[in-house]
Every structure is written in C-alpha cells, then in structure tokens.
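# Report on the structure
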Amino acid sequence: MTNQPVLQVDNLKTYFYLEDDRVARAVDDVSFTIYPGETVALVGESGSGKSMTGLSVMRLIAQPGKIVDGSITMNNLDLLSLRDREIISIRGNDIAMIFQEPMTALNPVFTIGNQITEVVRKHKKLSKQAARQKAIDLLKMVGIPRAEEIMNEYPHQLSGGMRQRVMIAIAISCEPKLLIADEPTTALDVTIQAQILELLEELKRELKMGLLLITHDLGVVYEYADRVMVMYGGQIVEHAPTKELLKLTKHPYTEGLLASIPNLDEEVDRLGTIKGVVPPAYQFPQGCRFSDRCPHVMDKCKESNPELTKITQDHDVRCYLYEKGGNDK
Amino acid sequence: MYQYIIRRILIFIPMLLALSIIVFALAKAAPGDPFTGKILDPNVNPEVFEQQREALGLNKSVPEQYVNWASRFAKGEFGESITYKGRSVQSLISERLGNTVRLGVFALFLTLIVSIPIGIYSARKPYSPLDYAATTFGFMGLAIPNFFFGLVAIYFFSIKLGWFPSQGSIGGPGMEGFSEFMSRLHHLVLPGITLGLAGTATYMRYMRSEMLDVLDSDYVRTARAKGMSERNVLYKHTLRNALIPIITLMGFEFGTLLGGAIITEQVFNYPGLGTLFISSVINKDYPVVMAISLFLGVAILIGNLLADIFYSIVDPRIRYD
C-alpha cells in the first residue's frame with residue numbers, strides 16, 4: 001500500500017496508576033498503522049488491552065489512566081499534542097467509535113433523532129432542518145425501516161440490533177476517516193451479528209474509512225479483516241495479513257486462540273484451551289508476558305521479553321522461537 | 001396515564017381511612033380529655049363540665065366517637081375547635097396554612113439551589129478539598145437535630161447579631177405589598193435554613209453519587225466519543241439522567257418537610273400548622289388534631305403521586321398504563 005496511512009500509532013503506552021503505587025500497563029508499547037479502506041482486526045482475550053488501545057486513540061482514557069508515551073498521528077496531526085478543545089473537534093468527526101453494549105450506549109432520556117442530530121449540528125454546523133434530514137438519511141443508510149418515526153422514538157423502544165445500527169449511524173454521520181468498532185457484535189445474537197458486520201463492511205467501502213475492528217471472535221476476523229494484530233498483556237504479539245496468520249500461525253498464543261475455535265470438519269471431544277488466565281496488567285510475569293501459560297516456554301522466556309520481530313515481509317511475531325527468522329518450534 | 005392517576009387517587013381513600021383510625025385511636029389512648037388538667041374555676045359547677053362532656057360526645061365509647069366524627073368529616077363538616085371557642089377547624093387551618101406552605105417552599109428552594117450545584121461540583125471533582133468540605137458539611141447537617149440548629153441560629157443571628165427576627169412570621173399588622181413581602185421573607189430566613197438543612201445534606205449526597213454513576217455510564221462515554229463539549233456532556237447527557245432519582249426523593253422528602261416544619265415552627269414560634277398541631281395535641285383538641293393529620297396525610301400522598309408523574313415525564317422509559 002503506497003497511500004498515506006489514515007492512522008499511525010507509535011510506541012503507545014497507556015498506564016493506569018492504581019492505589020498503593022501499582023501501575024497497570026494496559027497498553028505497553030503498541031505500534032500500528034491503518035490505511036484508508038482497510039479493516040484491521042485487534043484480537044485477544046478480555047483484559048489484553050484491546051479496548052484500551054481503541055480508547056487511547058480516541059483520547060478517552062479516564063482517570064486514573066494516562067497515555068504516558070508514544071504518538072498517535074492522523075493526517076500529520078499528532079493527536080496526543082492536541083488540547084482538549086481541539087481533540088473534541090476530531091472525535092466523532094474524523095475518528096468515530098462504536099461500543100460493545102448497544103443497550104446502554106445510547107442515552108435513555110433523549111430521542112434517537114436528538115442523539116444523531118446533535119453530532120452533525122456540532123461538527124458539520126448544519127441547521128436544525130438540514131440536520132434532521134441528514135439524520136433520516138443516515139438511518140435509512142444503516143437499514144432502519146420507518147426512519148422518520150424512529151427519529152422520535154427512545155432507545156428503549158428499539159431492539160439491540162436496531163440500537164447498534166443507530167450507533168453506527170451516529171458514528172458515520174460525519175464521514176470519519178477512521179472507525180473504531182469495539183466488539184460491535186458481542187452483545188447481539190448471531191443472525192444480527194452478520195448483518196451488522198456486513199453493514200460495517202459496506203459502509204467502510206463506501207466511505208473509504210479505515211476500520212479498526214476490536215474483537216475476540218476469530219470467525220469475524222477471518223471473514224472481514226485484511227490484517228490481524230493479536231494482542232496479549234498490553235502488547236502486540238503477532239501481526240500478519242489475515243490469511244497468512246491463520247495458515248502460518250507463529251505465536252503460541254495465537255495458536256492457542258485458534259485451537260479453541262470449534263472446527264466443523266473434525267470431530268473432537270474437547271476444544272483446546274489456553275491454561276491459566278490473562279495476568280492483571282500490574283503483575284505481568286518477568287520476561288515474556290505469555291511465559292507462564294506458554295506450552296513451549298524456554299528458560300530464556302522467563303528472563304527477558306522478546307521484541308516484536310519481522311520474520312517475513314509482512315509478518316511480525318514476538319517470540320524467541322523465531323529468533324533467527326526460522327520456523328523451529 | 002389518566003387512568004393511572006385516577007386509580008392512584010382512589011387508593012387515597014382507604015389509606016386515609018386507615019390513617020384516621022390510627023390517629024384517632026392514638027389520640028384517645030392518651031389519658032384525659034379537653035377538660036382534664038384545667039384549673040377548675042370555683043365559680044363553675046363541676047356538673048357543667050359533665051354537661052359539656054355529654055354535649056361533645058366525650059362520654060361515648062371510642063369507636064362510637066370515631067364513627068360520629070368520621071361521618072361528619074366525610075360530609076365536609078370538620079367541626080369546631082374545642083380550645084378556640086367557636087372557631088371552625090377550617091378557619092383555624094386556612095389561617096395558618098399559608099405560613100407553613102411559604103416556609104416549606106422557601107426551605108425546599110434553599111435546599112435545591114445549594115445542594116444541586118454543590119453535588120454537581122463534588123461529582124466533577126471528587127476527592128477535591130471542596131468535595132471533602134461539602135461531605136463534612138453534609139454529614140454535620142444530617143447529624144445536627146433541627147431544633148438544636150434552630151436554637152443555635154437564634155442565639156447567633158438574632159440575639160448576638162440581631163440580623164433576623166427570632167420568632168413570628170411578619171413584623172406587624174397592617175403591612176401591604178412589598179414591605180409585607182420583605183418582612184415575611186426576613187422572618188423566613190432562619191426557620192427556612194433550619195428546616196432545609198437536613199434536606200440539603202441528603203440532596204447533596206444523592207446528587208453527587210448520581211452524577212458520579214451517570215458520568216461513568218456507557219452513554220456518557222458515547223457522548224464524549226461523539227465529540228460533544230464537556231458542558232454538553234455534563235449538563236445535557238449527565239444531569240438529565242442524574243435528576244431522575246432526585247425527583248423521586250423530592251416526593252418522599254415532601255412529607256419530611258412538613259413533618260420537620262412542626263418542630264421548626266415550634267422553635268421559632270412561627271404561626272403555622274405545626275404550632276397549631278402541637279398545641280392541639282397538648283390541649284386534646286381532637287377535631288383540629290384529626291383534621292391536620294389527615295391534611296398532612298393527603299399532602300404526602302399527593303407529593304408521592306406528583307413525584308411519580310414527574311418521573312414519567314423526565315424518564316421516557318417509565319409509562320403508566
């Protein structure tokens with residue numbers, strides 16, 4: 001890809017300063033780029049730092065969290081150096097975000113129309129009338145029937161899938177260059193999931209947005225993502241184009257994730273699991289953060305954390321097994 | 001909605017009936033009647049008292065007396081006061097009601113204009129020095145009994161500093177227009193602050209915790225993600241939701257306000273329903289006691305009903321049908 005990236009994140013560190021002087025390194029030295037019209041998936045278990053990465057890009061990290069280092073660049077603009085007043089004009093305008101829980105993400109006491117029009121009125125300075133028309137068009141665009149009536153309804157009158165469509169309508173209302181979708185379908189049932197993802201895919205193509213898809217569903221990744229970043233312990237442990245990652249899996253953690261998906265072609269009694277749980281972000285093991293759960297752990301892994309290393313043109317992995325660029329496991 | 005309101009009002013009837021029975025029984029359970037404890041005038045033949053008792057029906061059994069009272073009350077005849085000879089209960093109450101309502105409204109107004117802004121500030125800057133100060137003030141306000149605060153206020157602001165009158169509701173007779181208004185307001189300051197104090201603390205704590213809760217909610221994060229200004233996030237998306245429980249609280253506090261007024265009015269010798277109520281209880285002036293009790297009962301029930309109605313207006317998720 002030769003064009004300009006829509007988003008470039010370099011060495012991002014977001015730490016949470018907890019009580020009794022513990023520091024949770026929720027996002028620890030993460031770098032990635034997203035190009036226009038591209039879907040990049042960020043996968044990992046709960047607590048691996050995916051959502052925090054998304055929120056950091058939005059600069060929506062709340063106390064006691066803080067972005068301590070790194071840079072986030074969009075159109076040659078360093079988002080981290082912007083003042084609060086300036087970032088407000090970027091949020092919802094150039095970068096938009098949709099969240100996991102459509103049931104609670106809309107304000108229960110305002111109408112759908114009110115919640116859409118306030119965005120376009122703020123960022124696009126539309127008149128009341130124009131904003132209303134724009135909102136109706138947006139609702140139609142995201143496939144909501146009876147758009148005019150829905151404008152005057154409240155969130156509790158809509159189903160989960162419909163609410164997520166409204167959230168998407170709000171997110172794309174100002175034609176953002178980047179859309180961050182934080183587990184947009186986790187709370188929805190399976191048939192609706194596919195519809196919502198199709199819709200996102202379609203809108204992404206139409207508006208030439210970059211899409212950062214945060215998910216733990218590898219089925220979704222396989223279907224929609226161009227590239228995948230696997231996150232563990234606040235760091236990216238493997239990064240590759242989707243097909244390559246699924247076929248030539250390198251990192252033991254990615255392997256573990258893939259082994260835990262049911263395969264319809266094979267009959268197995270038990271799905272694979274990764275033993276243990278994600279360590280809390282203030283208590284990573286010394287050395288490789290996956291070392292205490294890794295089936296291939298070596299002495300070296302317990303001493304120092306490996307770097308994210310390029311092993312082929314577009315495949316990076318953070319593991320000592322591939323230190324010499326080889327494939328020795 | 002209308003059906004709901006009508007249903008709620010119909011439920012008032014059995015509740016008030018139960019209330020009247022309980023109050024009547026309690027009033028009668030106290031020993032004596034309006035004539036005991038009075039210094040017996042040596043010129044009056046004790047038989048006259050006996051005749052009076054007979055005339056007022058005080059010699060009948062308690063249930064019989066209740067039925068007599070209730071049947072007249074239901075017809076709208078609230079009777080005459082025993083202590084204030086020849087005054088109808090109605091005129092006694094209506095003469096004092098205005099003062100009590102003024103006091104209650106003034107106290108509520110003070111409570112709201114102090115507690116809501118402080119509550120919002122505390123939620124925006126939790127654990128800041130001002131938040132701690134407000135919390136401390138809040139717990140002190142809750143812990144200090146009304147009557148004690150009233151006495152302290154009288155001591156400092158009326159006796160020592162002479163800023164405000166220590167009793168009464170108006171400076172003197174014959175006042176009109178603006179000077180009447182100012183005189184009444186002047187008399188309201190100390191009892192108003194006293195009555196509003198505990199409420200201020202409660203509302204402040206509620207406002208703070210509600211704001212903190214809502215600020216933490218998903219839809220506030222959405223509003224921020226939409227690029228809304230901090231002002232919009234705070235006063236549109238957060239405040240509207242945080243006020244919902246406050247409205248419920250106002251409905252419940254309505255009763256506390258009138259109840260608290262009884263003590264406050266006594267401390268400030270303020271001629272409202274509260275002072276009338278206490279003197280009636282002491283004098284065993286049953287018709288007045290019963291009428292005021294039922295009046296307060298209706299006021300509390302209406303307060304709750306209004307809270308429910310307002311609740312459905314601010315929160316579209318609530319529908320009564």
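Residues numbered from 1 in each chain as written. Chains lettered and ligands numbered in written order. Predicted model: local features only at pLDDT ≥ 70, side-chain atom pairs only at ≥ 80, totals over all residues.

### Things to note about the overall build of chain B
In plain terms, the rule: Put simply, DSSP marks the helices as runs of H or I at least four residues long and the strands as runs of E at least two long, and each gets a number from the N terminus on. Three classes are used. A residue is buried when 20 or more other C-beta atoms lie within 10 Å of its own, exposed when 12 or fewer do, and partly exposed in between, with C-beta atoms placed from the backbone.
Scanning chain B for helices and strands turns up 11 helices and 0 strands. The helix and strand sequence of chain B, counted from the amino end, reads α-α-α-α-α-α-α-α-α-α-α. When the backbone C-alpha atoms are referred to their principal axes, chain B occupies close to 85 × 55 × 40 Å. Counting every position in chain B, which comprises 321 residues, the buried fraction comes to 31%.

### Considerations on the overall build of chain A
Heads up, the condition is: When we talk radius of gyration, it's over C-alpha atoms, and the globule rule is simply 2.2 Å times the number of residues to the 0.38. Here, residue contact means that the backbone-derived C-beta atoms of the two residues sit within 7 Å.
A count of helices and strands for chain A gives 11 helices and 12 strands. The C-alpha atoms of chain A give 21 Å as radius of gyration, which agrees with the globular expectation for 329 residues (20 Å, within 12%). Along the three orthogonal principal directions, the C-alpha set of chain A runs to about 65 × 50 × 45 Å. Split into buried and exposed, the 329 residues of chain A put 45% on the buried side. Relative to all contacts within chain A whose residues are 6 or more apart in sequence, the contacts with residues 24 or more apart total 64%.

### Some remarks on the sheet that holds strand β3 (residues 39–43) of chain A
Residue and element names in this part refer to chain A. Under the convention used in this document: When DSSP finds two or more bridges between a pair of strands, those strands are recorded as paired. With axes taken as lines fitted to C-alpha atoms, and helix axes fitted only over the stretch in contact, angles between N-to-C directions fall between 0 and 180 degrees.
An order of β6-β7-β8-β3-β9-β10-β12-β11 is seen for the 8 strands of this open sheet, with the pairing classed as mixed. Where the open sheet ends on each side, the last strands, each with one partner, are β6 (95–98) and β11 (309–312). Each neighbouring strand pair of the sheet contributes to a mean axis angle of 20°, computed without reference to strand direction. Here β3 pairs with strand β9 (residues 227–232) via 4 bridges, running parallel. Its bridge partner lying in β9, Ala41 is registered against Val228.

### Looking at the confidence of the model for chain B
Residues and elements named next belong to chain B. What counts is decided by this rule: Confidence scores here are pLDDT values: one per residue, from the predictor, ranging 0 to 100.
Looking at chain B, the pLDDT average stands at 84 and 97% of residues meet or exceed 70. Looking at the elements of chain B, mean pLDDT is at its lowest for helix α2 (residues 46–56), recorded as 76, and at its highest for helix α8 (residues 218–225), recorded as 92. Both scores are available for the predicted complex, with the pTM at 0.81 and the ipTM at 0.86.

### A look at the UniProt feature "domain: ABC transporter" (unreviewed entry) in chain A
Spelled out, the test is: UniProt positions are given in the numbering used here, feature names are shortened, and annotations may be inferred rather than shown by experiment.
When the UniProt feature table is mapped onto this chain numbering, "domain: ABC transporter" (unreviewed entry) sits at residues 7–258 of chain A. In this annotation, residues 7–258 of chain A is assigned 40% helix and 27% strand; the end-to-end C-alpha distance for the span is 28 Å.

### Some remarks on the environment of A:Lys66
Residue and element names in this part refer to chain A. Relative to the helices and strands, Lys66 resides in strand β4 (residues 65–74). Judged by local crowding, Lys66 falls into the partly exposed class, with 14 C-beta atoms found within 10 Å. When the C-alpha positions of Lys66 and Ile236 are compared, they lie 19 Å apart, and in sequence the two are 170 residues distant. When near neighbours in sequence (up to four residues on either side) are disregarded, Lys66 contacts Tyr15, Tyr17 and Ile61.

### Details of the packing of helix α4 (residues 89–124) of chain B against helix α10 (residues 273–283) of chain B
Between two packed helices, both the angle of their axes relative to each other and the distance between the axes serve to describe the pair. Residue and element names in this part refer to chain B. Operational definition: Put simply, angles under 35 degrees are roughly parallel, angles over 145 are roughly antiparallel, angles from 65 to 115 are roughly perpendicular, and the rest are oblique. Under this grouping Gly is polar, as are all residues other than the nonpolar Ala, Val, Leu, Ile, Met, Phe, Trp, Tyr, Cys and Pro and the charged Asp, Glu, Lys and Arg.
For the pair α4 and α10, the least separation of the axes is 8 Å and the interaxial angle reads 135°. Between α4 and α10, the angle falls in the class oblique. For the pair α4 and α10, the contacting residues are Leu92, Ile93, Arg96, Leu97 and Thr100 in the first and Leu273, Gly274 and Leu276 in the second. Split into classes, the residues belonging to the contact of α4 with α10 amount to 5 nonpolar, 2 polar and 1 charged.

### Regarding the interface of chain A and chain B
Across the boundary between the two partners, chain A contributes 23 residues, which contact 19 residues of chain B. Contributing elements (two or more residues each) for the side of chain A that touches chain B: α3 (102–105) and α4 (112–124) of chain A.

### Considering the UniProt feature "transmembrane region" (unreviewed entry) in chain B
Residues and elements named next belong to chain B. Under the UniProt annotation, "transmembrane region" (unreviewed entry) lies at residues 101–120, 132–157, 185–204, 242–268 and 288–311. The span residues 101–120 is 100% helix and 0% strand, and its two end C-alpha atoms sit 28 Å from each other. In residues 185–204, the share of helix is 100% and the share of strand is 0%. The end C-alpha atoms are 24 Å apart.

### Overview of unusual backbone geometry
Negative phi values dominate among residues other than glycine, just as trans dominates among peptide bonds. Here A:Gln63 and A:Pro64 are connected by a cis peptide whose omega angle stands at 0°. Examined against the element boundaries, A:Pro64 turns out to sit in the loop between α1 (50–58) and β4. Even without glycine at this site, B:Tyr127 takes up a positive phi of about 65°. With respect to the helices and strands, the residue B:Tyr127 is situated in the loop between α4 and α5 (129–143). Of note in this structure, B:Asn269 is not a glycine but carries a positive phi near 45°. With respect to the secondary-structure elements, B:Asn269 resides in the loop between α9 (230–267) and α10.

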